[in-house]
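Residues per chain are reported as follows:
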Amino acid sequence: MKRFIQTLKNIWKIEDLRKRILYTLALIAVYRLGCYIVIPGIDASQLANLQNQSSQGLLGLMNMFSGGAFGNASIFALGVMPYISASIVIQLLGVMFPFFQRLQREGESGRRKMNQYTRYLTILIIAIQGPAYVANLHSQLPAEAFVSVMQRGWYGLFATLVLLGGTMFVMWLGERITDRGIGNGISLIIMIGIIARLPMALRLELVEKFTQTTGGILMFIIELVVLFFVFVATIALVQAVRKIPVQYAKRVVGNKQYGGVRQYIPLKVNAAGVMPIIFAQALMLLPLLFTRFDVTKGLAAVLNNPVGFWYNFTFAVMVVLFTYFYTAVTVNPTNMAEEMKKNGGFIPGYKPGKKTADYIDAVMSRITLPGSIFLAIVAILPAFAQILGVNNQFAHFFGGTSLLILVGVILDTLQHIESHLLMRHYDGLMKTGRLQGRSGM
């Protein structure tokens, strides 16, 4: 405890770090305030049905990413989901089209152009999602909930523009946190939205344990202990890497010698991050389309039971497949081998070029298998928690998207803080070892 207090004092002593943390907290407070500002023209007292609908499925995922703003019909209802969707599309285009591949290799100027295209695509996605969200409001809320005097069509356009402005403002907050705050702003905003739901989930679980014969306080303590070990296992998954040794040839420039040292390429066991779970959750909504037909209604009911065997088996298989797919998209062994060759590096025992690329690809294939299986287990852990008596809200923190985002962003933020401490010759956050970085979300 004494060391922890001293670390907090060291953090406060560093003026730049102190300002960044306070600036980040101020922008987060602005974001959380905006999550409770309802779209003009809607009666906030009529939102109970919408909040119930936004607790499961893909809508529940969007509500989680927006910090509850989706279920509150807030001006931030769409949150950063359109931006995340646009980023994924642009990233996939970078694999398929040479134009985007060239932009990725152009450094800072290329990154700015990619960000610009991402923003344009974000606006296009909002132009599709905005009217769909407003139409969902009209279907879920009673007519008296809409107090606007505008006609439905004009009000839909007005609400879409409000949602567009809200998403752009949230993106601006994220960029400000990245530039002048601490950590990845967009990821931090998503994490805050998830954490904001934790107190309510804890309260509901605690009330349920005391009001029902489900074990009382002892069972609640056991759940917290299990949750702790789940967090530890998830941290191990996020930080696990396979180091490949790389030897650099010696070069003599003038009177100085360069190279001749051995470094490592850290290949992440879970290079795909949280994206396979997001893709799989989106596709698990497709069986809902078959509920309209009598022939497939039974099959659709089986595949839409979140705690059923076939739902979770299908979900786990899809997570494994999407892990391989997204890893293949984001990790390019050929480019890694070419960059290594340009810089005079080679893997001992393998010739530069194709042999090196094949070796890296083989290593990635081997480490992706256990990583994908572990990720699939994490994805279906909330279902096991519900089966064992944990309420739906609290069960989401036992695995799935929310757990991976929480662990990843917290580690990323702690790494930024530790880098500031070490740069000014203070001890890091840990007595032994150093926090490892992570890939983006």
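Each residue is numbered by its place in its chain's sequence as written, counting from 1. Totals for whole chains, interfaces and linings use every residue, but because this is a predicted model, local features are given only for residues with pLDDT of at least 70 and side-chain atom pairs only at 80 or more, for both listing and counting. Think of the side-chain values as coming from all heavy atoms in the structure, minus any hydrogens and water.

Colleague: Please provide a residue-by-residue account of the side chain of Thr327, values included.
Modeller: Structurally, Thr327 can be placed in helix H14 (residues 309-330). Two N or O atoms count as a polar contact when they lie within 3.5 Å, although within protein this holds only if one can serve as hydrogen donor and the other as acceptor, and sequence-adjacent residues are included solely when both atoms are side-chain atoms. Separated by 2.6 Å, the side chain of Thr327 and the backbone oxygen of Thr323 make a polar contact. Every residue pair with non-hydrogen atoms within 4.5 Å of one another is taken to be in contact. Residues in contact with Thr327, not counting those within four places in the same chain, are Ala271, Ala272, Met364 and Thr368. Strands are runs of DSSP state E lasting at least two residues, helices are runs of H or I lasting at least four, and both sets are numbered from the N terminus onward.

Colleague: Mind laying out a nonpolar patch on the surface, listing which residues take part and the relevant values?
Modeller: Here the term patch refers to residues with relative accessible area over 30% and no salt bridge, with like charges joined within 9 Å and nonpolar side chains (Val, Leu, Ile, Met, Phe, Trp, Tyr) within 5 Å. The Shrake-Rupley method, run with a 1.4 Å probe sphere, supplies the accessible areas, and residue values consider only the shown protein chains as cover. Salt bridges are identified by distance alone: a Lys or Arg side-chain nitrogen within 4 Å of an Asp or Glu carboxyl oxygen. Judged by side-chain polarity, Leu206, Phe210, Ile217, Leu218, Met219, Ile221, Ile222, Val225, Val226, Phe228, Phe229 and Val232 come together as a nonpolar surface patch covering roughly 1100 Å² of accessible area. For the nonpolar patch, the elements supplying multiple residues, two or more each, are helix H10 (198-211) and helix H11 (216-239). By residue number, the principal contributor to the nonpolar patch is H11, which donates 10 residues. Residue placement: Val232 occurs in helix H11. Residue Val232 is classed as partly exposed on the basis of its relative accessible area of 40%. Relative accessibility under 20% of the residue-type maximum defines a buried residue, over 50% an exposed one, and the middle range a partly exposed one, all with a 1.4 Å probe and only protein chains included.

Colleague: Quick rundown of the nonpolar core? Include the residues and the values.
Modeller: Counting 81 residues, the largest nonpolar core has Ile39, Ile42, Tyr133, Leu137, Phe315, Val319 and Leu404 as the members making the most contacts within it. Of all the elements, helix H8 (residues 152-180) adds the most residues to this core, at 8 residues. One finds Ile244, Val246, Ile265 and Leu267 within the second-largest nonpolar core, a separate group that totals 13 residues. Put simply, buried Ala, Val, Leu, Ile, Met, Phe, Trp, Tyr and Cys residues joined by side-chain atoms within 4.5 Å make one nonpolar core.

Colleague: Residue-level account of the pattern of salt bridges, with values.
Modeller: In a structure, side chains of opposite charge can pair up when their charged atoms sit close to one another. Scanning the entire structure with this criterion turns up 5 salt bridges. Close ionic contact of Asp16 with Arg20 constitutes a salt bridge, the shortest N to O distance being 3.3 Å. In this pair, Asp16 and Arg20 are both assigned in helix H2 (residues 15-34), 4 residues apart and thus about one turn of the helix distant. Note that Arg119 is salt-bridged to Glu175, the shortest N-O span being 2.5 Å. Taken as a pair, Arg119 in helix H7 (residues 108-140) and Glu175 in helix H8 lie far apart in primary sequence, 56 residues in all.

Colleague: Provide a residue-level description of the packing of H11 against helix H16 (residues 354-387), including the pertinent values.
Modeller: Relative orientation of the contacting elements H11 and H16 amounts to 150°, with a least axis distance of 11 Å. Remark: the crossing between H11 and H16 carries left-handed chirality. Residues Val230, Ala233 and Leu237 of H11 touch H16, and the partners they reach there are Gly371, Phe374, Leu375, Val378 and Leu381. Axis geometry follows a simple rule: fit a line to the C-alpha atoms, using only the stretch in contact for helices, then measure angles between N-to-C directions, giving values from 0 to 180 degrees. The crossing is said to be left-handed when, going from far helix to near helix, the turn is anticlockwise and less than a right angle, and right-handed when the turn is clockwise.

Colleague: With reference to specific residues and values, describe the packing of aromatic side chains.
Modeller: Only Phe, Tyr and Trp rings are paired, with Trp represented by its six-membered ring, and only when their centres lie within 6.5 Å; those with planes under 30 degrees apart are stacked, over 60 edge-to-face, the remainder tilted. Under the criterion given, the structure shown has 13 aromatic pairs. Judged by centre distance (5.9 Å) and plane angle (25°), the ring pair of Phe169 and Trp172 falls under stacked. On the criterion of helical spacing, the pair formed by Phe169 and Trp172 is a turn pair, its members being 3 residues apart in helix H8. Take Phe169: its relative accessible area is 33%, and that puts it in the partly exposed class. The interplanar angle of 15° and the centroid separation of 5.8 Å between the aromatic rings of Phe309 and Phe313 together place this pair among those described as stacked. Of the two residues, Phe309 and Phe313 both sit in helix H14, 4 residues apart, roughly one turn of that helix. Judged by relative accessible area, Phe309 falls into the exposed class, the value being 59%.

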